[in-house]
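Residues per chain are reported as follows:
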Protein chains: 2
Amino acid sequence: MFKINDNYLKLPGSYLFSMIGKKVNEFSKANPDKKIIRLGIGDVTQPLAPAIIDSLHKAVDEMAHAETFHGYAPDLGYEFLRSAIVKQDYQARGAHVELDEIFISDGAKGDSGNIQEIFSENNRIAVCDPVYPVYVDSNVMAGRTGTYDPKTETWSDVIYMPCTEENNFVPQLPEETPDLIYLCFPNNPTGSAVTKEQLQVWVDYANKVGAVIIYDAAYEAYISEENIPHTIYECEGARTCAIELRSFSKKAGFTGTRLGFTVVPKDLKCGDVMLNTLWARRHGTKYNGAPYIVQRAGEAVYTPEGDAQLKKQIAYYMNNAKVIMNGLKDAGYSVSGGVNAPYIWLKTPDSMTSWEFFDYLLEKANVVGTPGSGFGPSGEGYFRLTAFGSYENTLEAIERIKNM
Amino acid sequence: MFKINDNYLKLPGSYLFSMIGKKVNEFSKANPDKKIIRLGIGDVTQPLAPAIIDSLHKAVDEMAHAETFHGYAPDLGYEFLRSAIVKQDYQARGAHVELDEIFISDGAKGDSGNIQEIFSENNRIAVCDPVYPVYVDSNVMAGRTGTYDPKTETWSDVIYMPCTEENNFVPQLPEETPDLIYLCFPNNPTGSAVTKEQLQVWVDYANKVGAVIIYDAAYEAYISEENIPHTIYECEGARTCAIELRSFSKKAGFTGTRLGFTVVPKDLKCGDVMLNTLWARRHGTKYNGAPYIVQRAGEAVYTPEGDAQLKKQIAYYMNNAKVIMNGLKDAGYSVSGGVNAPYIWLKTPDSMTSWEFFDYLLEKANVVGTPGSGFGPSGEGYFRLTAFGSYENTLEAIERIKNM
């Protein structure tokens, strides 16, 4: 008789965003006349930039003729895309990353869920708290997190690194020594950023204790301040301790187009074994590449036109962030984030729990946000709003919140 | 200090198709004047059908405007695609499959590699021998296969079900009882098919012993004979024992466009736990959906125009299969497959090993095929050719082989 992976049964409730979707659907059915504004799940709303649309059409036309048709993509992804990435995302920032250290994928969610597979079950993971749920849930599924305590909403074998007002939402080095450290900067959900000096401390620590940093830089395109690193490979020594995850979802509006990549430096080793080789093997065995047309769309992101159009798009969203920040401050809320990230992190008023505030906001303002507690115990009492709505909707949402 | 997943180190050599790619590249560099014809990896060569191209352009245009832009897809995939699948792939064949039993993905390679995750480590897998390498390799990575014996090229904990000339390349029920049974019909690599009665025996057996059949039906569109089931759900009782994997790669030429789906019936349970729920959780946690534009392209496959165009495309490839079959028979080869599948399975001449014949064919005829031994020990002494080349190339390849 077959047996299931029991670890799945340990997962409490359903995936955060599925739960939000369910609640919103129910509210929407019960209140068909209300106009709901969604600043919850981090989904973009602006259309793909013209340079990307042109590139997609051109690639589709190529697929229509045998001479220019494309079948299976190369294992690591097309070189035209990987070399644009190496040049513009890394060389241009003085970071050393090579062509065969880049693995094109269909986005950072898959990569951040799958990356744990190349590590043994006996690794202790450390995560920021609050944190993007995929890091923890994928490790739960792999049996790496011990038992769940519903009272504290924590896993016995996970090292939590609280990110709160007290530390300006940047974690301290943990007391217990982890093997895998998930870091995400600019941060989802708090919107906080780290300076190069702060990140260097983590790189030095990881190299010292023999840990791997899994660095999620999905929001790097939103960095507006100086001295905030766009890649962990700006730090010295990162090539021997860090894997970096990148996404086109927020940088170029690809949430429904799907493209991302993972960088695994060849200097990152366990004894003689390069993690690059392990990830290549996983990639080659369980993945068959991002669509040709989408990889061409990704290439357009790195053209001068694409780059200029996307800078405008990001400025549009970051203007929304400003609207939210200022509006909430005016309304007396305590807020952070929103400067180097499209996320605004606010303290719930009147000691409401995060889900209470979710319901309250949905009910009173018909605005959807994300409960901070869905990201971990230290997120309790906080709430995330995103800058990814339209300008008009964002304005309206903030007006409604002010008038609650 | 972090630890790697040691199971990866047990994997012998590199992934079959990567190895072939390497050999062909080397030959190509050494012989730049030779025109190589690739009938090796099962990659299609015909362009996407006009209905699909139209649909892609239309969907790209939608992505260019905020009003019709699409962000994150629904967890299971868009309903327009899932309902077309339910109607045409299942209801039309008298098979009962429901909307929320379909999980749209980026192809069957990922799904067939990932599906083992929802099962515990303590499941005994059974595979046909020869077999598509992903089934075994993904189980090796999960630590489910025991130790590898390089002499016999087998894993101690895997149940191999030989498919040879003697059983007409259809496996017998195994002597040892498996928990997970991987079946692929029409078969890759042998090109063999099973009748509905033969498949019913497997369904009854799986229900009796409490095993799950992972049924890879990636090649169902190539079935030309009556009484060959297009889906395992044509068999009575399959809903309580079978998961089905489907692909658009060969049905619609999507090897570089990436689309597939997995069916997990809600009747398939371990105690009270529905495998559908587990797969939904995996899908929702580690995957973010196939691109909107690609799901629209998939929808076009089910339109009358798309259907008619693809029937022609498949007829084109199956005519190639006939050319290969007849040509090889004329040249004195012993061949099978090629009737309900785009694969031709031939016995290597003069007791050559599969890799010896690979080198011989590459050297003498500049034709690339796939060594049968790469698919498992019982594939030794066999060789796979695919019908996915152009007609002209296929003809030329067969002429060259005849003249060797």
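Note that the coordinates shown come from a computational prediction; the quantities given were computed from them, not determined experimentally.

**Q** Summarise the interface of chain B and chain A; cite the residues concerned and give the values.
**A** In this assembly, 70 residues from chain B lie in contact with 70 residues from chain A. Of all the secondary-structure elements, those providing two or more residues to the side of chain B that touches chain A are α1 (7-10), α3 (50-62), α5 (108-114), α6 (133-141), α8 (275-286) and α9 (292-301) of chain B. Here the element with the most residues in the side of chain B that touches chain A is α8 of chain B; it accounts for five residues. When the residues that make up the side of chain B that touches chain A are grouped by side-chain class, the tally is 34 nonpolar, 24 polar and 12 charged.

**Q** Quick one: what's the story with the confidence of the model for chain A, residue by residue and with numbers?
**A** Averaged over every residue, the pLDDT of chain A is 96; the share at 70 or more is 100%. Prediction confidence for the complex, expressed as pTM and ipTM, is 0.96 and 0.96 respectively.

**Q** I'd like to hear about the environment of Lys-312 of chain A, residue by residue, with values.
**A** Residues and elements named next belong to chain A. Summarising the element assignment, Lys-312 is placed in helix α10 (residues 304-330). Since 11 C-beta atoms lie within 10 Å of it, Lys-312 is described here as exposed. Along the chain, Lys-312 and Ala-341 lie 29 residues apart, while their C-alpha atoms are 15 Å from each other.

**Q** Could you give an account of the relation of the copies chain B and chain A, naming the residues involved and the relevant values?
**A** Of the transformation superimposing chain B on chain A, the axial component is 0.0 Å and the angular component is 180°, with the fit at an RMSD of 0.0 Å. As the rotation angle and translation indicate, the two copies are arranged about a two-fold axis. In terms of C-alpha distance to the rotation axis, chain B has His-57 of chain B as its closest residue, with the C-alpha 3.1 Å off the axis. A symmetric contact is evident, with 100% of the interface residues of chain B recurring at the interface of chain A.

**Q** Give a detailed account of unusual backbone geometry, specifying residues and quantitative values.
**A** Cis peptide bonds are those with omega within 30 degrees of zero, and the linkage from Phe-185 of chain A to Pro-186 of chain A qualifies with -10°. For Pro-186 of chain A, the location among the structural elements is in the loop between β7 (180-184) and α7 (196-209). For the peptide bond that leads from Asn-188 of chain B to Pro-189 of chain B, omega is 15°, which places it in the cis range. By secondary structure assignment, the location of Pro-189 of chain B is in the loop between β7 (180-184) and α7 (196-209). Phi is positive for Glu-153 of chain B, which is not a glycine, with a value near 55°.

**Q** Lay out the sheet that holds strand β14 (residues 343-347) of chain B in plain terms, naming residues and giving numbers.
**A** All names here are of chain B. On the basis of which strands lie adjacent, the open sheet formed by four strands has the order β13-β14-β17-β16 and antiparallel pairing. Looking along the sheet, the strands with just one partner apiece sit at the ends: β13 (335-337) and β16 (370-371). When β13 meets β14, the two strands line up antiparallel, connected through three bridges. Of the residues in β14, the one forming a bridge with Val-335 is Leu-346.

**Q** Before we move on, could you go through the domain arrangement of chain A and cite the residues and values that matter?
**A** All names here are of chain A. Partitioning chain A into domains gives domain 1 (12-47 + 307-402) and domain 2 (53-304). On the domain 2 side, the residues contacting the 32 residues of domain 1 number 38 residues. Top element by residues in the side of domain 1 that touches domain 2 is α10. It accounts for six residues. Of the residues that constitute the side of domain 1 that touches domain 2, the class distribution is 16 nonpolar, 13 polar and three charged.

**Q** Outline the nonpolar core, supporting the account with residue identities and numerical values.
**A** Core analysis: the largest hydrophobic core is formed by 257 residues, its most contacted members being Val-127 and Ile-213 of chain A together with Val-127 and Ile-213 of chain B. It is helix α10 (residues 304-330) of chain B that contributes the most residues to this core, eight residues altogether. Excluding residues that lie within four positions of it along the chain, Val-127 of chain A makes contacts with Tyr-135, Val-136, Val-158, Tyr-160, Met-161 and Tyr-182 of chain A.

**Q** Pulling in residues and values, what's your account of the sheet that holds β7 of chain B?
**A** Residue and element names in this part refer to chain B. Spatially, the seven strands line up as an open sheet ordered β2-β10-β9-β8-β7-β3-β6, and their pairing is mixed. This sheet does not close on itself; its edge strands, each paired only once, are β2 (102-105) and β6 (159-162). Averaged over all adjacent pairs, the angle separating strand axes in this sheet is 20°, with direction ignored. The sheet contact formed by β7 and strand β8 (residues 212-216) spans five bridges and is parallel. Pairing of Leu-180 across the sheet is with Val-212, part of β8. Set on the sheet, α7 makes contact with β7, β8 and β9 (242-247); between it and β8 the angle comes to about 150°.

Each value, and the rule that gives it
- Residues numbered from 1 in each chain as written.
- Chains lettered and ligands numbered in written order.
- Predicted model: local features only at pLDDT ≥ 70, side-chain atom pairs only at ≥ 80, totals over all residues.
- Contact = placed C-beta atoms within 7 Å.
- Helix = DSSP H or I, 4+ residues; strand = E, 2+ residues; numbered from the N terminus.
- Nonpolar A, V, L, I, M, F, W, Y, C, P; charged D, E, K, R; others polar.
- pLDDT = per-residue confidence, 0-100.
- Buried ≥ 20, exposed ≤ 12 C-beta atoms within 10 Å, placed from the backbone.
- Least-squares fit on C-alpha atoms with pLDDT ≥ 70 in both.
- Pairing = 2+ DSSP bridges.
- Domains from an automatic or database assignment.
- Core = buried A, V, L, I, M, F, W, Y, C linked by C-beta atoms within 7 Å.
- Axes fitted to C-alpha atoms, helices over the stretch in contact; angles between N-to-C directions.

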